[in-house]
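Spelled out from the first residue to the last, the chains are:
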Amino acid sequence: MPLSQPTVFAAFEARFGRPPRWIVRAPGRVNLIGEHTDYNDGFVLPLAIDRAIWIALGPRDDRRVTVHSVDFHEDAEFVLDRLANEKAGWIEYLKGVAWSLQDAGHRLTGWDGVLQGDVPQGAGLSSSAALEVATARAFAASSGIDWAPHPMALLGQKAENRWVGVQCGIMDQLISAAGQADHAVLIDCRSLDTTPVPFPPGTAVVVLDTATRRGLVDSAYNERRARCESAARFFGVKALRDVDLAQFHARAADLDDTTRRRARHVITENQRTLEAVAAMRQSDPIALGSLMNQSHASLRDDYEVSSDALDAMVDSARAHPACYGARMTGAGFGGCAVALIERQAAEEFAATVAASYHQSTGRTPAVYVCRATNGAEAFEV
Ligand code: ADP
Ligand code: MG
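In what follows, the accompanying structure is described.

Here is what the cut-offs are and how they apply
- Residues numbered from 1 in each chain as written.
- Chains lettered and ligands numbered in written order.
- Predicted model: local features only at pLDDT ≥ 70, side-chain atom pairs only at ≥ 80, totals over all residues.
- Heavy atoms only, no water.
- Pairing = 2+ DSSP bridges.
- Helix = DSSP H or I, 4+ residues; strand = E, 2+ residues; numbered from the N terminus.
- Axes fitted to C-alpha atoms, helices over the stretch in contact; angles between N-to-C directions.
- Near = heavy atom within 4 Å.
- Polar contact = N/O pair within 3.5 Å; in protein donor to acceptor, adjacent residues only side chain to side chain.
- Areas by Shrake-Rupley, 256 points an atom, 1.4 Å probe, with all protein chains shown as cover.
- Nonpolar A, V, L, I, M, F, W, Y, C, P; charged D, E, K, R; others polar.
- Expected span 1.5 Å × (residues − 1).
- Buried < 20%, exposed > 50% of the residue type's maximum accessible area, 1.4 Å probe, protein only.
- Contact = heavy atoms within 4.5 Å.
- Phe/Tyr/Trp six-rings, centres within 6.5 Å; stacked < 30°, edge-to-face > 60°.
- Lys NZ or Arg CZ within 6 Å of the ring centre and 35° of its normal.
- Parallel < 35°, antiparallel > 145°, perpendicular 65-115°, else oblique.

**Things to note about the sheet that holds strand S11 (residues 336-342)**
Here is step 1 of the chain: Read across the open sheet, the four strands follow the order S10-S11-S9-S12; overall the sheet is antiparallel. What marks the edges here is a single partner per strand, and that holds for strand S10 (323-329) and strand S12 (366-370). Looking at each pair of strands side by side, their axes are set apart by 20 degrees on average, direction ignored.
Here is step 2 of the chain: Examined bridge by bridge, strand S9 (residues 203-209) and S11 share seven bridges and lie antiparallel to one another. By the bridge assignment, Asp 209 is partnered in S11 with Cys 336.

**Quick notes on the site of ligand 1**
Here is step 1 of the chain: Lining the immediate environment of ligand 1, one finds 15 residues, of which Asp 71, Trp 90, Gly 122, Ser 127 and Ser 128 sit closest.
Here is step 2 of the chain: The separation between a nitrogen atom of ligand 1 and a polar side-chain atom of Asp 71 is 2.8 Å.
Here is step 3 of the chain: At a separation of 3.0 Å, an oxygen atom of ligand 1 approaches a polar side-chain atom of Ser 128.
Here is step 4 of the chain: Here ligand 1, which alone exposes 560 Å², has 80% of that area covered by the protein.
Here is step 5 of the chain: Those elements that provide at least two residues to the shell around ligand 1 are strand S6 (111-117) and helix H3 (127-143).
Here is step 6 of the chain: The element that contributes the greatest number of residues to the shell around ligand 1 is H3, accounting for three residues.
Here is step 7 of the chain: Considering only residue class, the shell around ligand 1 consists of seven nonpolar, seven polar and one charged.

**Observations concerning helix H2 (residues 91-103)**
Here is step 1 of the chain: When the terminal C-alpha atoms of H2 are compared, their 18 Å separation across 13 residues agrees well with the 18 Å that a helix rising 1.5 Å per residue should span.
Here is step 2 of the chain: With respect to burial, H2 is a largely interior element, 10 of its 13 residues being buried.
Here is step 3 of the chain: On its buried side, H2 packs onto strand S4 (64-69), strand S5 (74-79), S6, H3 and helix H4 (149-164).
Here is step 4 of the chain: Two residues or fewer past H2, Gly 105 is found with a positive phi of approximately 100 degrees.

**What about the sheet that holds strand S7 (residues 183-188)?**
Here is step 1 of the chain: Spatially, three strands are ordered S2-S7-S8 in an open sheet, and the strand pairing comes out antiparallel. The sheet is open, and its two edges are formed by strand S2 (43-44) and strand S8 (194-198), each paired on a single side.
Here is step 2 of the chain: Direction of pairing for S7 relative to S8: antiparallel, over a ladder of five bridges. Counted as the bridge partner of Ala 184 is Val 197 from S8.
Here is step 3 of the chain: The strands that helix H5 (residues 171-178) touches are S2, S7 and S8; relative to S7, the one it contacts most, it runs at about 135 degrees.

**What to know about the packing of aromatic side chains**
Here is step 1 of the chain: Considering all chains together, one arrives at seven aromatic pairs under this definition.
Here is step 2 of the chain: Here the aromatic rings of Trp 111 and Phe 139 are separated by 5.4 Å at their centres, their planes lie at 65 degrees, and the arrangement is edge-to-face. Note that Trp 111 is positioned in strand S6 and Phe 139 in helix H3, a separation of 28 residues in sequence. Accessibility assignment for this pair places Trp 111 and Phe 139 in one class, buried.
Here is step 3 of the chain: Through successive ring pairs, a cluster of aromatic residues spans Phe 234, Phe 235 and Phe 248.
Here is step 4 of the chain: The cationic tip of Arg 21 hangs over the ring face of Trp 22; the distance from NZ or CZ to the ring centre is 5.2 Å.

**Re the packing of helix H8 (residues 257-281) against helix H9 (residues 285-301)**
Here is step 1 of the chain: Between H8 and H9, whose axes approach to 9 Å, the crossing angle comes to 170 degrees. Relative to H9, the element H8 is oriented roughly antiparallel. The residues of H9 that touch H8, namely those facing Arg 261, His 265, Thr 268, Glu 269, Arg 272, Glu 275, Ala 276, Ala 279 and Met 280, are Ala 287, Leu 288, Leu 291, Gln 294, Ser 295, Ser 298, Leu 299 and Asp 301.

See below:
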């Protein structure tokens with residue numbers, strides 16, 4: 001059962017002996033297609049999932065924020081006038097958001113809160129972005145700030161980049177803020193325009209965690225980015241987003257083999273992502289699944305960011321008759337795959353794929369059948 005309002009309501013009452021005034025939630029996410037396109041000003045197509053960070057909170061009349069973490073069994077607090085970065089774990093995400101909101105000129109007031117989540121941590125479903133967006137939503141509710149998904153997502157990203165010190169793009173915070181039930185959201189990473197796209201009826205998205213974690217990812221990531229930048233310079237454009245397939249083929253022979261394959265991935269992936277949007281609008285899960293399969297091949301062969309575990313997981317998923325398509329998702333070298341399947345077969349799919357992946361790799365995966373949900377919400381109690 002996903003976490004729900006009554007659970008965090010009760011946790012707040014148990015901790016503070018009074019009911020909360022507001023309850024907020026912000027979801028985790030998974031990217032359906034559009035991988036390694038974000039830093040090329042391209043397109044991504046994530047969905048907000050039915051696993052979220054929740055905060056129940058009540059106002060204080062001073063500038064102190066006190067938070068009880070149900071999951072860490074810890075209390076922490078800070079004062080809004082004296083924010084200091086102590087690199088001290090989960091509370092830093094809340095402090096970072098307070099810092100970035102205040103830095104943008106928002107007047108914040110203090111609160112008491114209880115924090116609880118069911119986004120698996122460090123599994124590639126972006127629990128950190130969910131925590132940032134939930135915190136922003138909590139401050140917006142308690143401090144009377146109008147909620148607008150785009151600016152708030154940017155302030156959450158700034159907290160992660162500048163306070164926590166993790167260089168992430170905007171996708172995670174933006175989908176957590178702007179998700180829509182039963183839809184994926186096309187994000188144009190240049191304009192930050194968001195367009196909800198409906199899922200074909202009767203389908204489900206399943207996240208398949210390989211139980212492997214990426215190593216050496218920073219240097220590989222930097223190498224990929226540098227190749228993309230040099231390919232963009234070669235084509236005389238700002239970013240690979242500005243190169244279409246015809247332009248690519250006309251001059252690809254003059255690129256070295258590695259740069260050519262890296263650029264080909266990005267250019268074809270942008271196109272696949274737009275084609276995926278069209279397939280969803282036509283309620284065509286077969287076409288959508290096929291694009292996901294092509295995305296995986298491109299990430300594996302051209303971008304070279306898959307792994308044996310990810311390939312094994314994708315194979316296990318595709319072997320099931322209810323699967324329309326599957327691919328690695330996230331930066332790669334480990335982490336999760338994502339599959340599109342027939343919803344009615346979800347339970348059986350999850351069990352069968354987990355068993356077959358275990359048989360081929362010896363590892364025990366985690367499998368999450370997801371529903372696309374709304375982005376961050378606040379409820380006044
Ligand atoms: P992810 O891929 O899930 O975003 P990160 O390492 O970026 O992984 O973020 C995980 C961190 O976010 C945790 O170590 C913790 O500090 C914070 N966090 C995530 N979920 C919770 C939670 N339910 N309660 C408190 N802190 C959380
Ligand atoms: Mg994170």
